[in-house]
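# Understanding the architecture of this molecule
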Amino acid sequence: MSKTPAALFDKVWDSHVVRHIEDGPDVLFIDRHFIHEVTSPVAFLGLESRGLKVMFPEKTFATADHNTPTINQHLPVQDPLSANQLKALESNSAKYGISHWGLGNPKNGIVHVVGPENGITLPGMTIVCGDSHTSTHGAFGAIAFGIGTSEVEMVLSSQCIMQPRPKKMRIKVNGKLGKGIVPKDVVLYIISKLTAAGATGYFVEFAGDVFENMTMEGRMTVCNMSIEMGARGGMIAPDETTFNYIKGREKAPKGEAWDKALAYWKTLKTEEGAFFDKEYEFSAADIEPMITYGTNPGMGIGITQHIPSAKQIGSSKASFDKSLAYMDFHEDDNMIGKKIDYVFIGSCTNGRIEDFRAFASVIKGRKKADHVTAWIVPGSHIVEQQIKDEGILDILLAAGFQLRQPGCSACLAMNDDKIPAGKYAVSTSNRNFEGRQGPGARTLLASPLVAAAAAVTGFVTDPRELI
Amino acid sequence: MAYDKFTVLKSTAVPMPIENVDTDQIIPARFLKATERKGFGDNLFRDWRYENDGTPKKDFVLNNPIYTGKILVGGKNFGSGSSREHAAWAIYDYGFRCVVSSFFADIFKNNSLNIGILPVQVSEAFLDKIFKAIEANPKTELEVNLPEQKITIVGDGASESFEINGYKKHNMTNGYDDIDYLQSLSSDIKTHAEKSIY
Ligand code: SF4
């Protein structure tokens, strides 16, 4: 009798189960654990109060990102509470022997940018972090997801967490993407079709030629936002693109270890006939540049479309009205032509070099709109360096933009970069919740190309007209 | 952190019939700067609850003294978004021990169970019944019975059963947490680590 065909997800999950509890969760071994300053301090306090040690300090990596300023990083952090969290991360890391890339370290940056770019993230791993966008690392064919602080404490003390096995979903997108359509549009399109809760309870595999033809940066953008459809995480089977990206990175395996790992990674594919609890298929030709008009990432439309009604998207009228009232938009409004106050390019969704290349391709030879404030924030120091080396900085400066220093910045309104109340921001980040970018701030999620078009015209603009 | 045992909870409830309540609303990021787990309840639903100058918004349910209790009843897809456990801490610190909804986001559900808040998932029809009962009489009590996995609208008598896995149920009714359990597996975990290629 032949074996049941396995999905990529099953292969990775099954090889990490330390124990299966009857009528309960699986005890899952974790290969990589990232920590940052916001969700780890209480976990370390917990360890201390129980008198526990960190079981495998070499499997945990610390970086500071959420709370860090994006200008004058050489100066002491002004806000005492933020400074305190940064200090706690540093001292906890030192105390337990955990590698720490704090503010000012040349390796510092957003946790989901620095993990992959330093070869810490590898195919076939289980990866967790006290941050929901840990799903980013699934782009390498890893099972990666966000956890809460209690679970951070579990991983520190036992290198395991307890997880019920999620259901499996596969989302295929086939065909050729049109001009000006980038990975961010693909994922915003999928979320608009599935809704913000459409994949809750599932782990998603993205498959089809659109993803096969994507760069690693693009795959990271897609997997990053799988949490925004409610999914536990998203993953893409590793292939030559993946292996070429990893090869030679600082912490990637070398020599014999590389050969051994590579041979294993090549087996990480979904077999023909593998079972999925749910499958979706979309056509690349249907995807336009996307933009959101509401207060969850499922409220997105093609940029040339009009805002739909509650009924059309199957939402309750009260919640939908509340959302539009917050945005001060109306059903049937045209998105194109809406006035913009702020533009933010950065975050773990679109803070990689490819995103700044795309942004620069639109603004080259143009000028920033006078009434727009633009925050251009690399995801890491390594990205910042690439921006300088590739001449992108010169293009930015010539167009009247400035470059800030790496960090989460305006993605979450925790550091100093906050969008003022009532203002509209076209943002390449991942969440348009009420107040996400500052109390009262109004967020329009979009790709780096749409952000660039808004930055130079000052209005929501179809980027295809500028490229 | 070990927490109080949860068996049967009978209480009035606070209704919040809003869909997709995300954890950024439950506790905005700017209040996540503490290094200890204390006082988060003060900022629970901060921007829905207070004006910028700190005056309470009259039309928000937590500012309405008619509604009290240890049970929060929320709309569909409660707790979506950020994985911040602070959201669950804020709900707990405010005094809730149970959240009822027709659908929960995964991470929020795990976080709640890990700190001793019981997420009770009911059908949309039953959720609607609860909202209507509270609307008709704000003093309506709900009884959440964990051992029997049953939620009842007291007085009305309508009830529905809810799901929870046996392991978590055992933990909650006894006030145990996962870390105690994981410590008991340490030799298995070491064996696993030795054969890992990473
Ligand atoms: S960039 Fe935004 S989403 Fe990403 S880790 Fe930072 S705060 Fe979270």
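Look a little higher up for the structure.
Here we summarise the structure given alongside this text.

Reading the values: rules and limits
Residues numbered from 1 in each chain as written. Chains lettered and ligands numbered in written order. Predicted model: local features only at pLDDT ≥ 70, side-chain atom pairs only at ≥ 80, totals over all residues. Heavy atoms only, no water. Helix = DSSP H or I, 4+ residues; strand = E, 2+ residues; numbered from the N terminus. Rg over C-alpha atoms; globule rule 2.2 N^0.38 Å. Buried < 20%, exposed > 50% of the residue type's maximum accessible area, 1.4 Å probe, protein only. Contact = heavy atoms within 4.5 Å. Areas by Shrake-Rupley, 256 points an atom, 1.4 Å probe, with all protein chains shown as cover. Polar contact = N/O pair within 3.5 Å; in protein donor to acceptor, adjacent residues only side chain to side chain. 1 Å grid on protein atoms, 1.4 Å probe; cavity = no way out; pocket = protein on both sides within 12 Å on 5 of 7 lines; lining within 4 Å. Points joined across faces, edges and corners; volume = space filled by probe spheres on them. Nonpolar A, V, L, I, M, F, W, Y, C, P; charged D, E, K, R; others polar. Buried area = accessible area lost by both parts, 1.4 Å probe. Salt bridge = Lys/Arg side-chain N within 4 Å of Asp/Glu carboxyl O. Expected span 1.5 Å × (residues − 1). Arc of directions from axis to C-beta. Pairing = 2+ DSSP bridges. Axes fitted to C-alpha atoms, helices over the stretch in contact; angles between N-to-C directions. Near = heavy atom within 4 Å. Sits in = over half its atoms within 2 Å of the grid points.

### Observations concerning the overall build of chain A
Along its length, chain A carries 17 helices and 18 strands. Computed over C-alpha atoms, the radius of gyration of chain A comes to 21 Å, within 12% of the 23 Å expected from 2.2 N^0.38 for 467 residues, which places it in the range of a compact globule. Summarising its shape, the C-alpha atoms of chain A cover approximately 60 × 55 × 45 Å along the three principal directions. Counting all 467 residues of chain A, 67% fall into the buried class. Of the contacts formed within chain A by residues at least 6 apart in sequence, a portion of 75% connects residues at least 24 apart. Carbon and sulfur atoms make up 52% of the accessible area of chain A, which totals about 15700 Å².

### Overview of the side chain of Ser83(B)
For Ser83(B), the location among the structural elements is in the loop between strand 2 (71-74) and helix 3 (86-94). Assessed through its relative accessible area of 2%, Ser83(B) is described here as buried. Separated by 3.1 Å, the side chain of Ser83(B) and the backbone nitrogen of Ser132(A) make a polar contact. When neighbours within four sequence positions are excluded, Ser83(B) is seen to be in contact with Gly130(A), Asp131(A), Ser132(A), Ile147(A), Gly148(A), Ile107(B) and Asn111(B).

### Thoughts on the layout of surface pockets
Its volume calculated, the largest pocket comes out at about 970 Å³. Taken together, 31 residues form the lining of the largest pocket, with Pro164(A), Asp106(B), Lys109(B), Glu163(B) and Asn165(B) sitting closest to its centre. Counting residues per element, the ones that place at least two in the lining of the largest pocket are strand 8 (160-163) of chain A together with helix 4 (106-115) and strand 4 (118-121) of chain B. The element best represented in the lining of the largest pocket is helix 4 of chain B, accounting for 5 residues. Here the lining of the largest pocket is built from residues that sort into 11 nonpolar, 10 polar and 10 charged. In this structure, the second largest pocket spans a volume of roughly 800 Å³. For the lining of the second largest pocket, the secondary-structure elements that each account for two or more residues are helix 6 (183-194), strand 14 (300-302) and helix 12 (317-327) of chain A.

### Some thoughts on the interface of chain B and chain A
Taken residue by residue, the interface counts 56 residues in chain B and 76 residues in chain A. The junction of chain B with chain A conceals about 5200 Å² of combined surface from both sides, 59% of it contributed by carbon and sulfur atoms. Among the residues of chain B in contact with chain A, Lys33(B), Thr35(B) and Tyr198(B) are the three that bury the most area, contributing 16% of the side total. Note that Asp188(B) and Arg19(A) form a salt bridge whose closest N and O atoms lie 3.2 Å from each other. Applying the counting rule to chain B against chain A returns 27 residue pairs in polar contact (both at pLDDT 80 or more).

### Topic: helix 3 (residues 80-96) of chain A
All names here are of chain A. Over its 17 residues, helix 3 runs 24 Å from end to end, which matches the ideal 24 Å to within 8%, given 1.5 Å per residue. Restricting attention to buried positions, one finds in helix 3 the residues Ser-82, Gln-85, Leu-86, Ala-88, Leu-89, Asn-92, Ser-93 and Tyr-96. The buried side chains of helix 3 occupy one side of the element, clustering within an arc of 150° when seen end-on. Projecting away from the buried face of helix 3 at angles above 90 degrees are the exposed residues Pro-80, Lys-87, Ala-94 and Lys-95. On its buried face, helix 3 is in contact with strand 3 (32-35), helix 2 (41-50), strand 4 (60-63) and strand 5 (99-101). At the C-terminal side of helix 3, Gly-97 shows a positive phi close to 75°.

### Considerations on the sheet that holds strand 11 (residues 233-235) of chain A
All names here are of chain A. Strand order in this open sheet of 4 strands is 11-10-9-12, and the pairing throughout is parallel. Across the chains shown, the open sheet's two edge strands, defined by having one partner strand only, are strand 11 and strand 12 (278-283). Between one strand and the next, the sheet's axes are offset by a mean angle of 20°, whatever the strand orientation. Sheet topology note: the strand 9 (residues 167-174)/strand 10 (residues 202-207) ladder contains 6 bridges and is parallel. Bridge pairing in strand 10 links Ile-171 to Phe-206.

### A few points about the site of the ligand
Residue and element names in this part refer to chain A. The immediate surroundings of the ligand are formed by His-66, Ile-110, His-112, Asp-131, His-133, Ser-347, Cys-348, Cys-408, Cys-411, Leu-412, Asn-430 and Arg-436. Among the cavities detected, the one that contains the ligand is the largest cavity. Of the residues contributing to the shell around the ligand, the split by class is 5 nonpolar, 5 polar and 2 charged.

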